[in-house]
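Structural description and commentary
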Amino acid sequence: MPPNPSPRSPLELPDLQEAAGPDWHVELLEETPSTNAVARTGPDPHRVVVTNHQTQGRGRLDRVWATPAGTSLTFSAVVDPQLEPRWWPMIPLMTGLAVAGAIGPEVGLKWPNDVLIDSRKVCGILVERVEAADPVAVIGIGINVHQTHAELPVDTATSLAIEALQQDRTTLLGGVLRELRSGLGQLRSDPQGLLAAYRERCVTLGRDVRVQLPGADDLVGRAVDVDESGRLVVAAEPGRHVAVSAGDVVHVRPAG
Ligand code: BT5
């Protein structure tokens, strides 16, 4: 059986709005450079900007997020998290957990928020804080849905089609937004519970890792924890634990 017998899912605004539910206000752009950039220009809580073709998608540290037209679920949701400042760093981790919940048990999370299936990246997340009287978070999510191998930009990527998973972009948007709402609710009411759920889903924990730190030497060691600030705790050598808040993790070899 071919892995992807289903046609590519269309995006229609009424269907997207219905899937999202009344808590969100959905906008659909046929093409736009970056949904995060659009959302940042009018960061009203509950706003969701979806596009069928993102032409200049952004990753972290000015990297590129590349998706051909009609292949992906690329969107940004604006939220007013109403969180104590100390829990803000958990928002990207919560978002990874939300996407994992919407896709299914096949998914693992590489710290901080790469969404993986069998070590390949199926979704990238970019959370940006916009300052205002009440600061808001623009949560940008790009899920590879219909891409074939030839349509993926790097060989470390995969898509839901390649993995023979659910590929209706509208259903997926509804699922991710539901999980985001409940994840934010849990972050407010029970942040420790959310952190415990993240640790369960995080495939980095227990691995030997190399962490590429912005502007510093790589850190090599065993990933032993994710702390309450969302930092990865690495046992660099006996007796020396280092907590990092940003960086790219390479899993050096499997757990165990
Ligand atoms: C991310 O950055 O993974 C965050 C990507 C966020 C994209 C969403 S889409 C909606 C919203 N609007 C935006 O403009 N952005 C957000 P980072 O961890 O820096 O990973 C970027 C790296 O992933 C690149 O350097 C490539 O190596 C790789 N990459 C690029 N496109 C990819 C894709 N479609 N699938 C998997 N990997 C990809």
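Residue positions within a chain follow its written sequence, with the count starting from 1. Note on the predicted model: pLDDT of at least 70 is required for a residue's local features to be given, and 80 or more for side-chain atom pairs to be given and counted; whole-chain, interface and lining totals, by contrast, use all residues. The side-chain figures draw on all heavy atoms in the structure; neither hydrogens nor water molecules are used.

Quick notes on the site of the ligand
Our working rule: Nearness of a residue to a molecule or strand requires only that one of the residue's heavy atoms be within 4 Å of it. Any N or O atom pair separated by 3.5 Å or less is treated as a polar contact, with the protein-specific requirement of one donor-capable and one acceptor-capable atom, and with residues adjacent in sequence counted only for side-chain atom pairs. Elements are defined by DSSP. Helices are runs of H or I of four residues or more, strands are runs of E of two residues or more, and each kind is numbered from the N terminus. Three classes are used: nonpolar for Ala, Val, Leu, Ile, Met, Phe, Trp, Tyr, Cys and Pro, charged for Asp, Glu, Lys and Arg, and polar for all others, with Gly counted as polar.
Around the ligand, the surrounding shell holds 27 residues, and the nearest of these are Ser-34, Arg-58, Arg-63, Lys-121 and Asn-144. Within the backbone of Arg-60, an N or O atom sits 3.0 Å from an oxygen atom of the ligand. Broken down by secondary-structure element, the contributors of at least two residues to the shell around the ligand are helix H2 (35–41), strand E3 (57–58), strand E4 (64–65), strand E5 (72–79), strand E8 (120–130) and strand E9 (136–144). Considered class by class, the residues forming the shell around the ligand number ten nonpolar, 13 polar and four charged.

Focus on the pairing of E8
Both faces of the sheet carry side chains from a regular strand, because those side chains alternate between them. Applicable threshold: Paired strands, in this sense, are two strands between which DSSP finds at least two bridges.
With three bridges joining them, strand E7 (residues 114–117) and E8 adopt antiparallel strand pairing. If you follow Leu-116 over to E8, its bridge partner there is Lys-121. Note: E8 against E9, eight bridges, orientation antiparallel. For Val-127, the partnering residue across the bridge sits in E9 and is Ile-139. Linking E8 to E9, which pair antiparallel, is a turn of five residues.

Quick look at the environment of Gln-82
Note the following rule: Think of it in three bands: with a 1.4 Å probe and only protein chains considered, a residue is buried below 20% of the maximum accessible area for its type, exposed above 50%, and partly exposed in between.
With respect to the helices and strands, Gln-82 occurs in the loop between E5 and helix H3 (90–103). With a relative accessible area of 57%, Gln-82 lands in the exposed category. For the pair Gln-82 and Gly-185, spaced 103 residues apart in sequence, the C-alpha to C-alpha distance is 9.6 Å.

Remarks on the sheet that holds E5
Spelled out, the test is: Axes here mean lines fitted to C-alpha atoms, for a helix over just the part in contact, with angles spanning 0 to 180 degrees between N-to-C directions. By the convention used here, residues are in contact when the closest approach between their heavy atoms is within 4.5 Å.
Pairing in this open sheet of seven strands is mixed, and the strands run E1-E2-E5-E9-E8-E7-E6 from one edge to the other. The open sheet terminates on both sides in strands that have one partner only, identified here as strand E1 (25–32) and strand E6 (107–110). Pairwise comparison of adjacent strand axes, ignoring direction, gives a mean angle of 20° for this sheet. Its contacts with the sheet place helix H4 (residues 169–189) against strand E2 (47–54), E5 and E9, and it is angled at close to 30° to E5.

A closer look at the side chain of Asp-80
Test applied: None of His or the chain ends enter the tally, which takes Lys and Arg as positive and Asp and Glu as negative. Whenever a carboxyl oxygen of Asp or Glu lies within 4 Å of a side-chain nitrogen of Lys or Arg, that contact is scored as a salt bridge.
If you trace the backbone, Asp-80 turns up in the loop between E5 and H3. Buried charged residue Asp-80 carries no salt bridge. Nearest counter-charge: Arg-188, at 6.6 Å. Excluding residues within four positions of it along the chain, Asp-80 makes contact with Pro-45, Asp-134, Pro-135, Val-136 and Arg-188.

Some remarks on H3
Formally: Working rule for helices: expected span equals 1.5 Å times residues minus one.
Here H3 contains 14 residues, and its C-alpha end-to-end distance of 20 Å stays within 8% of the 20 Å for a straight helix at 1.5 Å per residue. Judged by how many residues are buried, H3 sits mostly within the fold: twelve of 14 residues are covered. Regarding H3, the residues found buried are Met-90, Ile-91, Pro-92, Leu-93, Met-94, Thr-95, Gly-96, Leu-97, Ala-98, Val-99, Ala-100 and Ile-103. Residue Gly-104 follows H3 closely and has a positive phi angle near 140°.

Considering unusual backbone geometry
Between Trp-111 and Pro-112 the backbone carries a cis peptide bond, its omega angle lying at 0°. As for its placement among the helices and strands, Pro-112 is situated in the loop between E6 and E7. In the Ramachandran plot, Gln-82 falls in the positive-phi region, its phi being about 50° despite a non-glycine side chain. Not every positive phi belongs to a glycine, and Asp-118 is a case in point at roughly 50°. By the element assignment, Asp-118 lies in the loop between E7 and E8.

Overview of the nonpolar core
Under the convention used in this document: The term nonpolar core refers to a set of buried residues drawn from Ala, Val, Leu, Ile, Met, Phe, Trp, Tyr and Cys, joined through side-chain atoms within 4.5 Å.
In this structure, Phe-75, Ile-141 and Ile-143 are the most contacted members of the largest nonpolar core, which totals 59 residues. Considering every element that reaches this core, the biggest residue donor is H3, with nine residues. Beyond its immediate stretch of four places on either side in the chain, Ile-143 contacts Ser-72, Leu-73, Val-99, Ile-103, Val-122, Cys-123, Leu-160, Leu-172 and Val-176. Core analysis: the next-biggest nonpolar cluster, separate from the first, contains seven residues, Ala-39, Val-78, Val-130 and Val-136 among them.

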